[in-house]
Structures are given as structure tokens and as C-alpha cells.
Amino acid sequence: MTPQQSQRFPQSSGNTWVSTYDKAVSTQQLIASFGWSGADAFVQHDVQEFLRVLMDKIEAKVKATPAEKIVERLFGGEYESYISCVNADFQSVQKEKFQDIQLTIPKRSKRRRCTMSNCPGGPRCPDSRAYDDKTPDIYDCFRKFIEPERMDGENQYYANDALGKQDADKGLRFTKFPPVLFLHLCRFEIDMSYSMYSRGNASKINDPVRFYQDIDLNPFVYVPPPPASASSKTGTKEAAEKVGEKDGEKDGENKENQQQQQKKTEADADDEMPAAQKQLLRRDGDNKYYPHLAAAKHGGSGEYGYQLFSVLVHSGGAYGGHYFAYINPSGHAWYKFDDEHVTMVSTQEATTKQFGGNTRQSAYMLVYIQKKYARQILREVHEPDIPRNLRRYFRKEKEEANRRRAEHFENQKKCQVLYINAHDLVFEESAENTRNNVNILDMRMHSCFVTQSVYKDTTMKEL
């Protein structure tokens, strides 16, 4: 970002989102602050790409200011990438951060109607009636995301020199969701088949995905199980040594014994766990892959309960289309933002009708806000909340805009006239001693004309 672009960014972004103008605000200055040229306005950019660029520019601008960590605090989540051995007590874990989650759309499969016990409306959820039992929902997308991959056979995981290669599960588990959560539904795919006719071709996935105005992500937040007691560890070690000392056992029987002993140890540790802690750690139909927080009961809101704030829609195909958004800024009414047009719409149009499946129009990105921060994030912005230097900039720019608007309105009443005074006319003597007028236009003497801007009702005498 050049110094000029760096200065334009906060001003242009302020114009875009904190404007008090009574008409749509142009985004040209904002786009220019990204370093994009005018030609980029005619190139289709993916909304996720735009989001990443926007976040990077904000982070770069707020460095060494009190708002330096604002992007991380609002949009930053964490998850663990792990590889866990199936038949050995060994695990490799790497912590990572994210600002959005790319969710793969699962193939349709028969399942119960409401996939979460606290789904709004329960089995009679009105959103469910428009789609059959095989339609996946946002929770299925999360399960697809965290589903571990089994590494076995030729793809076994090398743990260490002592354990060698082991069967293992490779996956992801969330440890923290951010206050503002971006969920990107991956609706575009590249054909990687071996066919010379279709390989490399892009296509759009219009399969329907149900999403809800309220979701509970507690079942996807990983909670580490408590460490086993010293006696349990000793018993497990002795049992493993006895299993290893048996001669003549087959490899399959040895693995089976180890698995049975591991299950017994986990059961013993579970018995020693306090009842309150058991409520937090569970593996159930909501998430069977790792221990997690319990889902909120009776449709309540847990620690990671979210409400839907925005639905970004893509209409079109893989090689072209149009983006527009539905936004619920106050939590009580939905609006459609389609270029410079803003209209109020029903909840059904903003949600149910954007599931996809029947048209080329479907939800592409969902924005959720954590309920416990919703009032703070969605509160109305008043003038004292805006930094003083930006308020001065906005005031000057608004005054300049009003001046230009008044000047344009005044110019609509005027027109340009060209005239020449009689004493400026040029005459020539003819053979008959008569005076003939000379056409100054043919002589290219345009400088003789006087140009004046006058009101359209001006008379010749007034000139």
C-alpha cells in the first residue's frame, strides 16, 4: 500500500460504512485504496478474496494504534490440526488461526429432519418443510469439515523411532470461535478427473444447504479430557507390557487387546470424572469425533450461540455472476443490498429462499454474530463514536459535495451562447463598390466569438 493509498483507505472506508448521505456512496475510493485499477472493476473477484484483502488492509493501517488487535479480536478463531495414533498413545497437534471457515457442501444422505437437538422449531421447523430429509444443513457442513481422515496401509503415519509407522486419524478440531464468524460455502469446484475434455473445468454446486437464524456451535468446540490419574497410567503401562511380553500372538490379536485395554482405561478415567465435568465432555450425534462442550438445552443459547447477521448470495455460474447481500443490521428486519438499491424484504426471502437447489441463485457466504456480543456489535453508531479527524474529513467532504450538487443544479438552468458584436464584423469591398459580409466561420476566425453562460430565459436585449 502506497502512502497515498494508506491515507485514502480509512477515509474511503469511513465514507462507505459511516456515511450520512441520502444516496448510495461510491466505492471507487475504497477500491483504489486496495491498489486496484479501474479495469479491475470489470473483473469478477471472489468475495472471499475481497474479504482477505480488506482484512489485510485494515490490519496494516491500525498497526501501532489502540485498535491494533481489532481484526483478531473480532474475526479471529482457533483450531487444532491433529494426527492421533489409533493403537498407540501418541498425538501430534499444531494450533492454527482462521478468519473464515470454508465449508464443503456434503452430498445428500438420508438422515433425521433436524440435525441438532436445539434446532429452532424442532422437527416441525418451517424451513424443513420446503426440503426433504436428505437436504444437508449447516451442521452437516461442520461435521464434514471436522471428519478425520484415516491414515493406514501405505499411508500410515510415522510417529517416532520407537513406535514406527502407525494407523492414525488426521483431522481438525475447533478450540475457539470468533465473535463475528464468516462461513464460506464452497460452491465452486475444479474438475480433476483424467478426462481430457473436462479436466480443469470449473463448475458451480447449486445443491441446497439449509441454514438457520440461530445456531449453537458448542458441540464443535473441543475440550481436552482431563489427564488420567497416576494409578490409571500405571495400570495402562503394566497392561501394555504384559501384552507385549506374550509370545506367539498375532498382530491382529495384539492390536485388539490394546484397543480393549485403551477403552477400559478411558472408562475408568470417565468414572473418576466429576459429574459437572461430564456434562462438558461428550461425544454424541452432534459431534462424534472429539469431546466437546454440551449443546444448549431447550433451544437456549450456549457459550457459542450465534445469530444470523448477513447472507451473501451469488447468482450465476462458475464463469460469471452477480453478488448481492441480505443484511439484518438491527436484528429485527432484513434488507436486500443490490448495488445501489436497498429494499426491505421478508425473513423467508433472506433465508429459506437462498438455500439453493432449484435456481442458479444460492447463499455463498453466511455471517453470524455471537449472541453475547450482538448488542455491543450491532449498537447504533453515533457521531461521538467516530474519531474526530474522520468527522472533520466527513464534514469537509459533505460541504464540498453539497457545493458541487448546488452548482450542478444551477447549471441545469443555464446554457452556453456564442455571439459577436456588430463592430467586430469584417467587411470587404466588391467590384460594384458594395459591402459584402464575410463568413468568419469559413475563415476560421472562431476567436471573434464571445462565449457566455446565461440563464435559459435570458433575452437578446439582456445580452
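Given the structure is predicted, the values throughout are model-derived calculations rather than measurements. (Residues numbered from 1 in each chain as written. Predicted model: local features only at pLDDT ≥ 70, side-chain atom pairs only at ≥ 80, totals over all residues. Heavy atoms only, no water.)

> Tell me about the overall build of the protein, residues and numbers included.
Secondary structure summary: the protein contains twelve helices and 20 strands in total. In the protein, which comprises 463 residues, the proportion classed as buried is 33%. A fraction of 67% describes how many contacts in the protein between residues 6 or more apart in sequence connect residues 24 or more apart. As presented, the protein carries roughly 29,100 Å² of accessible surface, and 50% of it is formed by carbon and sulfur atoms. (Helix = DSSP H or I, 4+ residues; strand = E, 2+ residues; numbered from the N terminus. Buried < 20%, exposed > 50% of the residue type's maximum accessible area, 1.4 Å probe, protein only. Contact = heavy atoms within 4.5 Å. Areas by Shrake-Rupley, 256 points an atom, 1.4 Å probe, with all protein chains shown as cover.)

> I'd like to hear about the state of the cysteines, residue by residue, with values.
Joining two cysteines, a disulfide is a covalent bond between their sulfur atoms. For the structure on display, the rule yields zero disulfides. No disulfide involves cysteine 141; its sulfur sits 9.1 Å from that of cysteine 186, the nearest cysteine. Of the residues examined, cysteine 186 reaches a relative accessible area of 19% and is grouped as buried. (Disulfide = S-S within 2.5 Å.)

> So what's going on with the packing of aromatic side chains? Which residues, and what values?
Two measures describe an aromatic ring pair: the distance that separates the ring centres and the angle between the ring planes. For the coordinates displayed, the defined rule picks out 19 aromatic pairs. Positioned over the ring face of tyrosine 82 is arginine 173, at 4.4 Å from the centre of the ring. Note that lysine 414 overlies the ring of tyrosine 455, its terminal NZ or CZ placed 5.0 Å from the centroid. (Phe/Tyr/Trp six-rings, centres within 6.5 Å; stacked < 30°, edge-to-face > 60°. Lys NZ or Arg CZ within 6 Å of the ring centre and 35° of its normal.)

> Describe the pattern of salt bridges, with residues and values.
Counting across every chain of the model gives eleven salt bridges. The partner of glutamate 72 in a salt bridge is lysine 97, with the nearest N and O atoms 3.1 Å apart. In this pair, glutamate 72 is assigned in helix H4 (residues 70-75) and lysine 97 in strand E2 (residues 91-98), connecting sequence segments 25 residues apart. The residue aspartate 214 makes a salt bridge to lysine 371 at a minimum N-O spacing of 2.9 Å. In this pair, aspartate 214 is assigned in strand E11 (residues 214-216) and lysine 371 in helix H11 (residues 371-377), connecting sequence segments 157 residues apart. A relative accessible area of 30% places aspartate 214 in the partly exposed class. For lysine 371, a relative accessible area of 27% gives the class partly exposed. One connected set of salt bridges, linked through shared partners, spans Glu400, Arg403, Arg404 and Glu407. (Salt bridge = Lys/Arg side-chain N within 4 Å of Asp/Glu carboxyl O.)

> Requested: an account of unusual backbone geometry, with residues and values cited.
Although it is not a glycine, alanine 64 adopts a positive phi angle of roughly 60 degrees. Residue position: alanine 64 is located in the loop between helix H3 (47-61) and H4. Phi at aspartate 339 takes a positive value of approximately 55 degrees, unusual for a residue other than glycine. Residue placement: aspartate 339 occurs in the loop between strand E14 (334-338) and strand E15 (341-345). On the basis of relative accessibility, which here comes to 59%, the residue aspartate 339 falls in the exposed class.

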